[in-house]
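# Architecture and fold: a report
This is what each chain is made of:
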There are 4 protein chains.
Amino acid sequence: MPTILGQNQYGKAENRVVKITRDGDTHHIKDLNVSVALSGDMQEVHLSGSNANVLPTDTTKNTVYAFAKEYGIESAEQFGIHLARHFVTSQEPIKTARIRIEEYSWERIETSDGNSRFIGADEVKHSFVRKGQETRVTQITFDGEKWEVISGLKDLVVMNSTNSEFWGYVKDKYTTLQEAYDRILATQVSARWRFNWSGDEQKMPNWEKSYDQVRKHMLQAFAETYSLSLQQTLYQMGSRIINNRSEIDEVRFSLPNKHHFLVDLKPFGLENDNEVYFAADRPYGLIEATILRDGCEPHIPVDLTNL
Amino acid sequence: MPTILGQNQYGKAENRVVKITRDGDTHHIKDLNVSVALSGDMQEVHLSGSNANVLPTDTTKNTVYAFAKEYGIESAEQFGIHLARHFVTSQEPIKTARIRIEEYSWERIETSDGNSRFIGADEVKHSFVRKGQETRVTQITFDGEKWEVISGLKDLVVMNSTNSEFWGYVKDKYTTLQEAYDRILATQVSARWRFNWSGDEQKMPNWEKSYDQVRKHMLQAFAETYSLSLQQTLYQMGSRIINNRSEIDEVRFSLPNKHHFLVDLKPFGLENDNEVYFAADRPYGLIEATILRDGCEPHIPVDLTNL
Amino acid sequence: MPTILGQNQYGKAENRVVKITRDGDTHHIKDLNVSVALSGDMQEVHLSGSNANVLPTDTTKNTVYAFAKEYGIESAEQFGIHLARHFVTSQEPIKTARIRIEEYSWERIETSDGNSRFIGADEVKHSFVRKGQETRVTQITFDGEKWEVISGLKDLVVMNSTNSEFWGYVKDKYTTLQEAYDRILATQVSARWRFNWSGDEQKMPNWEKSYDQVRKHMLQAFAETYSLSLQQTLYQMGSRIINNRSEIDEVRFSLPNKHHFLVDLKPFGLENDNEVYFAADRPYGLIEATILRDGCEPHIPVDLTNL
Amino acid sequence: MPTILGQNQYGKAENRVVKITRDGDTHHIKDLNVSVALSGDMQEVHLSGSNANVLPTDTTKNTVYAFAKEYGIESAEQFGIHLARHFVTSQEPIKTARIRIEEYSWERIETSDGNSRFIGADEVKHSFVRKGQETRVTQITFDGEKWEVISGLKDLVVMNSTNSEFWGYVKDKYTTLQEAYDRILATQVSARWRFNWSGDEQKMPNWEKSYDQVRKHMLQAFAETYSLSLQQTLYQMGSRIINNRSEIDEVRFSLPNKHHFLVDLKPFGLENDNEVYFAADRPYGLIEATILRDGCEPHIPVDLTNL
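Everything numeric here is computed off the predicted structure, so don't read it as measured data.

## A short note on the relation of the copies chain D and chain A
Mapping chain D onto chain A is achieved by rotating through 180° and translating by 0.0 Å along the same axis, at an RMSD of 0.0 Å. Those values place the two copies in the arrangement expected of a two-fold rotation axis. A high fraction, 100%, of the interface residues of chain D reappear at the interface in chain A, so the copies pair face to face through one surface.

Now the structure itself:
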């Protein structure tokens, strides 16, 4: 037969699980979208259709829900570790499990003052509004021996309304762009960072605290960098993370340059003193790079987008 | 000719305008998506293609950007009022202008401590992260005499993890639903509210403060209502607004019931004590209603969705 | 109580039903997305939360699936009529039912030649590829006495690469647009047409044939109109339908002007002889109008979009 | 410095170019979305913000439009080859160029009969309707020496209404799925195939013909395979391509199993004889694999999706 089977994986994608934890009257939410991908001895199901080695994707879905009960959801990372270990250790044909999770965050609704004619504020500990900002993501991969945890976020939109320039670039026969000495810099951050934790014998990072700190450093680096190029800002964001978070060895960003073009108001007899901008959709610059701790190997896939 | 022309309108939709206002080093953002719809003596352009009465949609776009400079953007409502008045009063054939605006909100990035080796925090007053929660909307209509302002929001996702029941409903031959005495109630709020301000001689509402207050009352009513049906919660949300905000006479909601189904864990030997839920996509209940101040006429269109 | 309840409706939205009909080895598909909205004596559920008059939205979902079996799906319109009649006539508190349906169309996969080493072509009568062009829609409303059927389509993208001009328009101080004597005209058609069938005693239209004919006339009018404005093309599309299809009294269009801007290639020493265009996203002109059979009243809601 | 720069690339994404070619009165359309990613000696722009090696993304956009005029758009692949060669050979710091293109296809609107009172059919050769089915994609990579061309498609939705089974799978403690002996098999095909053409001295494939043939074989294999698992169908689709198209060495698929669940109609006293299905959204099985010509190395990235 002239064709052979290469890399393959299968599982149930986008299992939406919401876990409510009750601490007396106070409730806590974890809201996840869990995707399972398994690989191993799967030659036969491709060649003959024999499912003898196939744990159904429906079962992987059931496992997600059962584990939410059995283990709770302390963090997306910890939950993914439970799942990945289970599939690899309980099913002989399965050699590698990769769990991808999106997490949606919620905050509490502030309720009325105590003198309200409604239910008192201290009794309302179960009402939430979705935070709506970035989506947190994580990917846990386990091959039976080594762990790889890559966390990150997407759709975090940020803007500096000044302290950004762009000039001194190459000019060829197709170049018409004017140099800019004070422009808006805006992007929708997609980031992934890889932890150096690789096995159970090591002390596990505090996943929740790590996320908050990485996010904070990233935002501050964006805000505090006087930018001569989006690449420079990107590098500052990545190196700030590497320098401040010893649990992380590698960061990759995909940063669309969300162009804000200064509108020409001269035809209307008006001056536009960096005030009125047209926020463009397409096309957009797309800047992508990996920042590594010196001496480390890159493992995060290069393409975070299909464009 | 057996066919006649009915209602018609035209204009430029989705003009994305970002306005930066500088207050010393401190910058402020207004980020809008403005859609213009004009109507009037437009018989000829439909019948013969004569554009003699047609102000180009490109001009309506230019006007949006020019007005952002000339008038600033105090609020979406105020900006829409400037635009609507301009088109109706400056163009004889145009009898009615309707301006629809989406507003995206931003909050400041908290920067590093003063002893940072980076730019000091007090110098970073121009860095923002998009809030990401609801999108604020408004619609201003002016026919040369009367004003109608309908504001609102969409995509505000809220959840109560308890204090919701559903029972005592009609049961016909197609009914299989089990009664629920403790369920999750979640929805993605789409709301519109109509102001009773109708003209320049009246005192204009404080649009920004009104929005904040309406949003607060709506969220609190959602949180504080012990719910026997989503309709009941909806009515509480609307009447709380009417009762607390004298500038508003009418509210309409379109509330999808974002179902969270309790997962049956019994096959796995587990009890699900209102802990683990499957968040479903489609289908969903869709509950829509208008709440009016007694004695007022409804004007908000019934359909906020095409489904 | 100072607040009163206005128009309200509820039901299950987006019930995705696929019906396979077997004609020997030949299968036929109907693929629908059905949304139910019911209204009537629903005061109590809003005020007190009593569900005594409420048929659960879950039941309306079950009814959709049961009716797909009991009545089959001859056409989206006919299926909606069965559903609307059922809810109004079987539930005393329900006074009006509105059924909205999206229909996705499929075509057969052409299979291999008879001398194939695979299953013979004539045995493969059950394989389909989604057509992917427009989405067909319909809305059936029944109040116990009168029927209203509004059908239509959305997302049908069309383009004329010539035979379109735009000039002779109003020029005010904000006008910078250059007149165009040969431009691309492209739009994404959203259309609704209302049938004059209003009750069971009348002969019912052939819904499937009517759809095909309306679509054909609409496309031909778009192609064959030498256009001086999108409004003129719109009017031709509508009047062609009214003139050719006696079962239809009213048509409404919402036509975004999908701008294709001629790219300025002069900086690169090139001439652009109506060859190379930039297809823009936002903003876009939006042209909307109703065309009526003379003597008929308009009933199709004005707003097919929220922008 | 403890951090180093890893893989990086930049360019303008999503340049929407429409090219009209006039063959007398008959017009032809090419409608592309072109994304450029360049990499090379870009250390400085990341570290210091110096743009001395940076060709602006705006220039890469201009180049796309200029090349549409200079070279025309014979095929997406050929157009990408022109662009990739240009960037690598004309800019010393740029070592690798990757061009990704989406192509949207159009078909002609059939116009009225010759005896029409409108413009005669033979004069209407410039009117198009977007085909709407799959989106064709390609990716061209050039490092100054070797070429890699990976083409494919996405969003092609297909369904077999019978000839699909699923049974004989592993059953663990979390398995509740019932075996199926006649089910619907539906998926939304995302596929990529790699050409073995790697340089200018080789005869270039006929890109347009190759696409049509690959698509045909893929669809036929889907239709003609009696399926015991989606993996088996996937493998047949891939091997049919490898076996029939000598210009292709590798194929990768990402196939969501678009579940169609048989609705339980027994509570309503009805039998569901494989007739009425609920088309579910999430979760879904996700089956991904590479099929290779024997002896070839895989190069297509494993992840076509982020879920």
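## Focus on unusual backbone geometry
Residue proline 283 of chain B is bonded to the preceding arginine 282 of chain B through a cis peptide linkage, with omega at -10°. Along the chain, proline 283 of chain B turns up in the loop between strand 12 (276-279) and strand 13 (284-293). Of note, glutamate 14 of chain C is a non-glycine position whose phi angle comes to about 60°, a positive value. Mapped onto the elements, glutamate 14 of chain C comes out in the loop between strand 1 (3-13) and strand 2 (15-23). Owing to a relative accessible area of 9%, glutamate 14 of chain C belongs among the buried residues under this scheme.

## What to know about the packing of aromatic side chains
Tallied over the entire structure, the rule returns 44 aromatic pairs over all chains. Ring centres 6.0 Å apart and planes at 90° place the aromatic pair tryptophan 197 of chain C and tryptophan 207 of chain C in the edge-to-face group. Residue tryptophan 197 of chain C is located in the loop between strand 9 (185-195) and helix 4 (207-224), and its partner tryptophan 207 of chain C is located in helix 4; the two are separated by 10 residues in the primary sequence. On the accessibility criterion, tryptophan 197 of chain C (2% relative accessible area) is buried. Using a relative accessible area of 3% as the deciding quantity, one classes tryptophan 207 of chain C as buried. Centre to centre, the rings of phenylalanine 67 of chain D and tyrosine 71 of chain D are 4.9 Å apart; their planes meet at 50°, and the pair counts as tilted. When its relative accessible area of 3% is taken as the criterion, phenylalanine 67 of chain D is described as buried. Relative accessible area serves as the criterion here: at 46%, tyrosine 71 of chain D is assigned to the partly exposed category.

## Some remarks on the packing of helix 2 (residues 57-70) of chain C against helix 3 (residues 76-90) of chain C
Residues and elements named next belong to chain C. Taken N-terminus to C-terminus, the directions of helix 2 and helix 3 make an angle of 130°; their axes are 11 Å apart at the nearest point. In terms of their interaxial angle, helix 2 and helix 3 are classed as oblique. Along this stretch, helix 2 crosses helix 3, giving a crossing that reads as right-handed. Seen from helix 2, the contacting residues are Thr60, Thr63, Val64, Phe67 and Ala68; seen from helix 3, they are Phe79, His82, Leu83, His86 and Phe87. When grouped by side-chain class, the residues that make up the contact of helix 2 with helix 3 number 6 nonpolar, 4 polar and no charged.

## Looking at the domain arrangement of chain A
How big an interface is tends to be expressed through the accessible area that disappears when the partners come together. Residues and elements named next belong to chain A. As assigned here, chain A comprises domain 1 (15-104) and domain 2 (107-260 + 269-306). At the junction of the two partners, domain 1 supplies 27 residues and domain 2 supplies 24 residues. Note on domain 1 versus domain 2: buried area summed over both sides is about 2,200 Å², and carbon and sulfur give 55% of it. Ranking the residues of domain 1 by area buried against domain 2 places Glu77, Ile81 and Glu103 at the top, with a combined share of 26%. In this assembly, domain 1 and domain 2 are joined by 4 salt bridges. With a closest N to O distance of 2.7 Å, glutamate 208 and lysine 30 form a salt bridge. Secondary-structure elements contributing two or more residues to the side of domain 1 that touches domain 2 are strand 3 (26-40), helix 3 (76-90) and strand 4 (94-104). Examining the composition of the side of domain 1 that touches domain 2, we find that 10 residues originate from one element, strand 4, more than from any other. Partitioning the side of domain 1 that touches domain 2 into residue classes produces 9 nonpolar, 8 polar and 10 charged.

## Things to note about a negative patch on the surface
Residues Glu107 and Glu110 of chain C together with Glu107 and Glu110 of chain D make up a contiguous surface patch of negative charge. Relative to the elements of secondary structure, glutamate 107 of chain C occurs in strand 5 (residues 106-108).

## Focus: the interface of chain D and chain A
Listed as interface residues are 83 residues of chain D and, on the opposing side, 83 residues of chain A. Summing both sides of the interface, chain D and chain A together bury roughly 7,300 Å²; the carbon and sulfur share of this comes to 51%. Contact with chain A buries area across many residues of chain D, yet Tyr174, Tyr235 and Leu307 of chain D alone supply 10% of it, more than any other trio. Inspection of the region where chain D meets chain A yields 49 residue pairs in polar contact (both at pLDDT 80 or more). Considering every element that reaches the side of chain D that touches chain A, the biggest residue donor is strand 1 (residues 3-13) of chain D, with 11 residues. Counted by class, the side of chain D that touches chain A contains 33 nonpolar, 33 polar and 17 charged residues. One ladder, built from 9 bridges, connects strand 1 (residues 3-13) of chain A with strand 13 (residues 284-293) of chain D; its direction is antiparallel. Its bridge partner lying in strand 13 of chain D, lysine 12 of chain A is registered against glycine 285 of chain D.

## Thoughts on the interface of chain C and chain B
Between chain C and chain B, the contact holds 83 residues from the first and 83 residues from the second. The interface formed by chain C and chain B includes 6 salt bridges. Where aspartate 303 of chain C meets arginine 100 of chain B, a salt bridge forms, and the shortest distance between an N and an O atom there is 2.9 Å. Applying the counting rule to chain C against chain B returns 50 residue pairs in polar contact (both at pLDDT 80 or more). Those elements that provide at least two residues to the side of chain C that touches chain B are strand 1, strand 2, strand 3 (26-40), helix 1 (43-47), helix 2, strand 4 (94-104), helix 5 (230-244) and strand 13 (284-293) of chain C. Here the side of chain C that touches chain B gets 11 residues from one element, more than from any other, and that element is strand 1 of chain C. Of the residues assigned to the side of chain C that touches chain B, the class counts are 33 nonpolar, 33 polar and 17 charged.

## Points about the pattern of salt bridges
For the structure shown, the criterion picks out 81 salt bridges over all chains. Residue arginine 282 of chain A is joined to glutamate 14 of chain D by a salt bridge in which the shortest nitrogen-to-oxygen separation is 2.8 Å. One end of the pair, arginine 282 of chain A, is in the loop between strand 12 (276-279) and strand 13 (284-293); the other, glutamate 14 of chain D, is in the loop between strand 1 and strand 2 (15-23), on a second chain. A residue is classified by how much of its surface remains accessible, and arginine 282 of chain A, at 25% relative accessible area, is partly exposed. In this structure, glutamate 103 of chain C and lysine 30 of chain C form a salt bridge, with 3.0 Å as the shortest nitrogen-oxygen distance.

Conventions adopted
Residues numbered from 1 in each chain as written. Chains lettered and ligands numbered in written order. Predicted model: local features only at pLDDT ≥ 70, side-chain atom pairs only at ≥ 80, totals over all residues. Heavy atoms only, no water. Least-squares fit on C-alpha atoms with pLDDT ≥ 70 in both. Contact = heavy atoms within 4.5 Å. Helix = DSSP H or I, 4+ residues; strand = E, 2+ residues; numbered from the N terminus. Buried < 20%, exposed > 50% of the residue type's maximum accessible area, 1.4 Å probe, protein only. Phe/Tyr/Trp six-rings, centres within 6.5 Å; stacked < 30°, edge-to-face > 60°. Axes fitted to C-alpha atoms, helices over the stretch in contact; angles between N-to-C directions. Parallel < 35°, antiparallel > 145°, perpendicular 65-115°, else oblique. Left-handed = near helix turned anticlockwise from the far one by under 90°. Nonpolar A, V, L, I, M, F, W, Y, C, P; charged D, E, K, R; others polar. Domains from an automatic or database assignment. Buried area = accessible area lost by both parts, 1.4 Å probe. Salt bridge = Lys/Arg side-chain N within 4 Å of Asp/Glu carboxyl O. Patch = residues over 30% accessible without salt bridge, like charges linked within 9 Å, V, L, I, M, F, W, Y side chains within 5 Å. Areas by Shrake-Rupley, 256 points an atom, 1.4 Å probe, with all protein chains shown as cover. Lys, Arg positive; Asp, Glu negative; His and termini not counted. Charge placed at Lys NZ, Arg CZ, Asp CG, Glu CD. Polar contact = N/O pair within 3.5 Å; in protein donor to acceptor, adjacent residues only side chain to side chain. Pairing = 2+ DSSP bridges.

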